[in-house]
Amino acid sequence: MAAPVNPAAPTARAGRTVAFVEGVRTPFGKAGDKGIYANTRADDLVVKVIRELLRRHPELPPERVDDVAIAATTQTGDQGLTIGRTAALLAGLPKTVPGFAIDRMCAGAMTAVTTTAGGIAFGAYDVVIAGGVEHMGRHPMGEGVDPNPRFVADKLVDESALVMGQTAENLHDRFPGITRQRTDAYAARSQERFATAVKEGNIGPDLVPVAIRTELGWDLATQDEPPRPGTTVEQLAGLKTPFRPHGRVTAGNAAGLNDGATGALLADEDTARELGLPVGMRLVGYAFAGVDPEVMGVGPVPATEKALARAGLSISDIGLFEINEAFAVQVLAFLDHFGIPEDDERVNPWGGAIACGHPLASSGVRLMTQLSRQFAQRPEVRYGMTTMCIGIGMGGTVIWENPAWEGHK
């Protein structure tokens with residue numbers, strides 16, 4: 001017998017459209033004592049992006065923010081203490097605004113977006129802030145972790161699964177057609193595309209200047225520290241392979257160790273229109289998938305297949321791809337699987353993490369922010385995708401629709 005319906009009970013407002021309003025990020029720095037953020041706290045980087053989102057959108061009353069979700073892979077020290085809540089308080093949001101922390105390793109910010117987007121679609125939220133931070137200089141990957149010995153003793157995973165560079169070498173083994181020469185060529189192209197995007201003014205609008213303390217006094221970080229414009233294939237060919245003798249993965253064809261934070265405003269589209277907030281993208285769907293942890297770089301393939309199937313789309317429907325470049329081999333494995341040329345202009349047209357950096361949990365929103373700005377320039381493109389591999393054998397993919405698509409006009 002069905003339970004009686006309480007007429008006073010709230011009903012879920014299912015099916016609401018989730019809008020990506022805007023994303024911002026700090027410039028990304030090199031991890032370590034000589035990096036630009038050596039003397040800057042991780043939570044202060046988050047505060048900068050939250051304040052910038054509010055500064056850019058005075059039409060949004062701060063009390064209308066329903067939640068703040070901030071991801072960090074290493075949740076300790078200045079990245080701990082439920083950083084979504086503490087950063088919200090430090091940023092000056094009303095004390096009535098809650099917050100929480102998320103960890104899905106490299107896909108932390110991506111998961112912050114998809115988790116809160118689900119809340120928007122269900123009707124639990126109208127407006128949220130989602131993002132991520134990683135200060136790898138203060139908190140190296142794996143700091144303080146204690147993997148259960150059964151992982152290796154019971155042969156649940158290969159020992160190499162816990163070292164991301166070794167998983168990339170394993171991916172080369174699985175796909176021998178992805179040679180060192182191909183990954184180096186891809187890496188050089190990423191550097192070139194990012195440098196061109198900077199010159200053409202496509203990266204600057206994403207960045208929030210950050211006051212930093214140096215040996216010479218106070219300064220202002222206004223641009224990414226990791227890029228190496230002018231990098232050539234010949235230069236990359238001379239780099240060492242730290243994860244395996246005579247291997248294929250180098251510091252040149254992989255993202256570095258970086259510090260930085262990202263943040264995005266998401267809203268129910270009707271609420272965005274009510275408040276006068278712009279709509280940069282519409283969420284179509286998303287999926288996460290697991291793979292063998294020792295070849296975690298292949299994760300975006302099943303995640304993308306799953307997301308496309310759920311959305312009723314095919315890979316040919318996607319007009320722009322933002323693929324996180326943790327390792328060049330991982331991107332090439334994705335492109336080869338779907339039959340996409342490695343120099344395709346739809347793929348990371350403004351370069352990627354090999355050039356600008358990959359502060360782990362923050363990178364998902366960087367991908368989304370760049371895709372949103374590309375949408376604004378490309379009204380002929382209807383659908384775009386952000387996708388990334390995730391440590392311990394996972395992949396995540398989010399599909400977006402361009403509100404500027406000329407087919408709507």
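Predicted model, so just to flag it, every value in this text is computed and none were measured.

### Quick word on the pairing of strand 5 (residues 127-135)
Most of strand 5 is tucked away: nine of the nine residues are buried. Going residue by residue along strand 5, you find V127, I129, G131, V133 and H135 tucked away on one face and V128, A130, G132 and E134 tucked away on the opposite face as well. Where strand 5 lies against strand 8 (residues 258-268), nine bridges are found, and the strand directions are antiparallel. Along strand 8, the bridge assignment pairs E134 with G260.

### Here we look at the UniProt feature "domain: Thiolase N-terminal" (unreviewed entry) in the protein
The UniProt feature table records "domain: Thiolase N-terminal" (unreviewed entry) at residues 18-270. This span, residues 18-270, is 32% helix and 19% strand, and a straight line between its end C-alpha atoms measures 9 Å.

### Structural notes on the nonpolar core
Core analysis: the largest hydrophobic core is formed by 40 residues, its most contacted members being F321, F327, F334, L335 and M385. Secondary-structure elements contributing two or more residues to this core are helix 5 (164-174), helix 6 (180-199), helix 9 (300-311), strand 10 (318-323), helix 10 (328-338) and strand 11 (383-390). Here the element with the most residues in this core is helix 10; it accounts for eight residues. When residues no more than four places from it in sequence are discounted, the contact partners of L335 are I323, I340, P341, E342 and V347. In terms of nonpolar packing, the next biggest core, distinct from the first, is built from 38 residues, L54, V68, V133 and V279 among them.

### Describing empty space enclosed by the protein
Following the criterion strictly, the structure yields one cavity of 30 Å³ or more and no others. Taken as a whole, the largest cavity holds about 40 Å³ of empty space. The wall of the largest cavity is formed by Y186, R189, S190, R193, E325, V347, N348 and G351.

### Notes on the pattern of salt bridges
This structure, assessed with the given rule, holds 26 salt bridges. The partner of E274 in a salt bridge is R64, and the shortest N-O contact between them spans 3.4 Å. Here R64 lies in the loop between helix 1 (42-56) and strand 3 (67-71) and E274 lies in helix 8 (residues 269-275), a separation of 210 residues in the sequence. A salt bridge links E269 to R282, with the nearest nitrogen and oxygen atoms 2.9 Å apart.

### Side note on a nonpolar patch on the surface
Taken together, the side chains of L162, V163, F243 and I392 define a hydrophobic patch exposed on the protein surface, amounting to about 310 Å² of accessible area. With respect to the secondary-structure elements, L162 resides in the loop between helix 4 (150-153) and helix 5.

### Remarks on helix 10
Because each turn of an α-helix spans 3.6 residues, side chains separated by three or four positions in sequence point in the same direction. For helix 10, the buried fraction is high: nine of the 11 residues fall into the buried class. Close packing links the buried residues of helix 10 with helix 5, helix 6, helix 9, strand 10, helix 11 (353-356) and strand 11. Positioned one or two residues after helix 10, G339 has a phi angle of 70 degrees, which is positive.

### A closer look at unusual backbone geometry
Its identity as a non-glycine residue notwithstanding, T82 has a phi of 50 degrees, on the positive side. Counting through the fold element by element, T82 comes out in the loop between strand 3 and helix 2 (83-90). Overall, the relative accessible area of 43% leaves T82 in the partly exposed class.

### Re the packing of helix 1 against helix 2
As a packed pair, helix 1 and helix 2 sit with axes 9 Å apart at the nearest point and diverge in direction by 60 degrees. If you check the angle between helix 1 and helix 2, you find them oblique. Between helix 1 and helix 2 lies a crossing of right-handed hand. Of the residues in helix 2, those in contact with D43, V46, V47, I50 and R51 of helix 1 are I83, A87, A88 and L90. The class makeup of the residues in the contact of helix 1 with helix 2 is seven nonpolar, no polar and two charged.

### Describing the UniProt feature "domain: Thiolase C-terminal" (unreviewed entry) in the protein
Residues given the UniProt feature "domain: Thiolase C-terminal" (unreviewed entry) here are residues 282-401. Summarising residues 282-401: 35% helix, 26% strand, and an end-to-end C-alpha distance of 5 Å.

### A closer look at the packing of aromatic side chains
Per the counting criterion, the structure on display carries four aromatic pairs. Ring geometry for F321 versus F334: centroids 6.3 Å apart, planes at 70 degrees, classification edge-to-face. On the criterion of sequence distance, the pair formed by F321 in strand 10 and F334 in helix 10 is long-range, its members being 13 residues apart. Grouping residues by exposure puts F321 and F334 together as buried. Measuring from centroid to centroid gives 4.9 Å for F334 and F338, while their planes differ by 55 degrees, and the two rings are tilted. Of the two residues, F334 and F338 both sit in helix 10, four residues apart, roughly one turn of that helix. Accessibility classification places F334 together with F338 in one group, the buried group. Among the aromatic residues, those joined into a cluster by ring pairs are F321, F334 and F338. Taking NZ or CZ as reference, R104 lies 3.8 Å from the ring centre of F288, over its face.

How each quantity is defined
Per chain, the residues get numbers from 1 upward, laid out in the order the sequence is written. Side-chain atom pairs in this predicted model are given and counted only at pLDDT of 80 or more, local residue features only at pLDDT of at least 70, and totals for whole chains, interfaces and linings cover all residues. Note: side-chain values were computed over all heavy atoms of the structure, leaving out hydrogens and water. Summary of the burial criterion: residues with accessible area below 20% of their type's maximum are buried, those above 50% are exposed, and those between are partly exposed, where the area comes from a 1.4 Å probe applied to protein chains only. By the criteria applied, helices consist of DSSP H or I runs no shorter than four residues and strands consist of E runs no shorter than two, each listed in order from the N terminus. Strands are treated as partners if at least two bridges between them are detected by DSSP. UniProt positions are given in the numbering used here, feature names are shortened, and annotations may be inferred rather than shown by experiment. Throughout, nonpolar core names a set of buried Ala, Val, Leu, Ile, Met, Phe, Trp, Tyr and Cys residues whose side chains join them through atoms within 4.5 Å. Here a residue-residue contact requires only that any non-hydrogen atoms of the pair lie within 4.5 Å. The distinction between a cavity and a pocket rests on a 1 Å grid over the protein atoms alone: a 1.4 Å probe fits inside a cavity but cannot get out, while a pocket stays open yet meets protein on both sides within 12 Å along at least five of seven lines, and a residue with an atom within 4 Å of a point counts as lining. Grid points are joined across faces, edges and corners, and a volume is the space filled by probe spheres set on the points. By definition, a salt bridge exists where a carboxyl oxygen of Asp or Glu is found within 4 Å of a side-chain nitrogen of Lys or Arg. Any residue with relative accessible area above 30% and no salt bridge may belong to a patch, with like charges joined within 9 Å and the nonpolar Val, Leu, Ile, Met, Phe, Trp and Tyr side chains within 5 Å. Note that accessible areas follow from Shrake-Rupley with a 1.4 Å probe, and for residues the cover is restricted to the protein chains shown. As a rule, the C-alpha atoms of each element are fitted with a line to give its axis, helices using only the stretch in contact, and angles between N-to-C directions run from 0 to 180 degrees. Here the word oblique covers every angle except those under 35 degrees (roughly parallel), over 145 (roughly antiparallel) and from 65 to 115 (roughly perpendicular). Helix crossings are classified by the rotation of the near helix relative to the far one: an anticlockwise turn of less than a right angle makes the crossing left-handed, while a clockwise turn makes it right-handed. Under this grouping Gly is polar, as are all residues other than the nonpolar Ala, Val, Leu, Ile, Met, Phe, Trp, Tyr, Cys and Pro and the charged Asp, Glu, Lys and Arg. For Phe, Tyr and Trp, where Trp contributes only its six-membered ring, two rings pair if their centres lie within 6.5 Å, and the inter-plane angle classes them as stacked under 30 degrees, edge-to-face over 60, or tilted in between. Our definition puts a charge over a ring when NZ of Lys or CZ of Arg is within 6 Å of the ring centre and also within 35 degrees of the ring normal.

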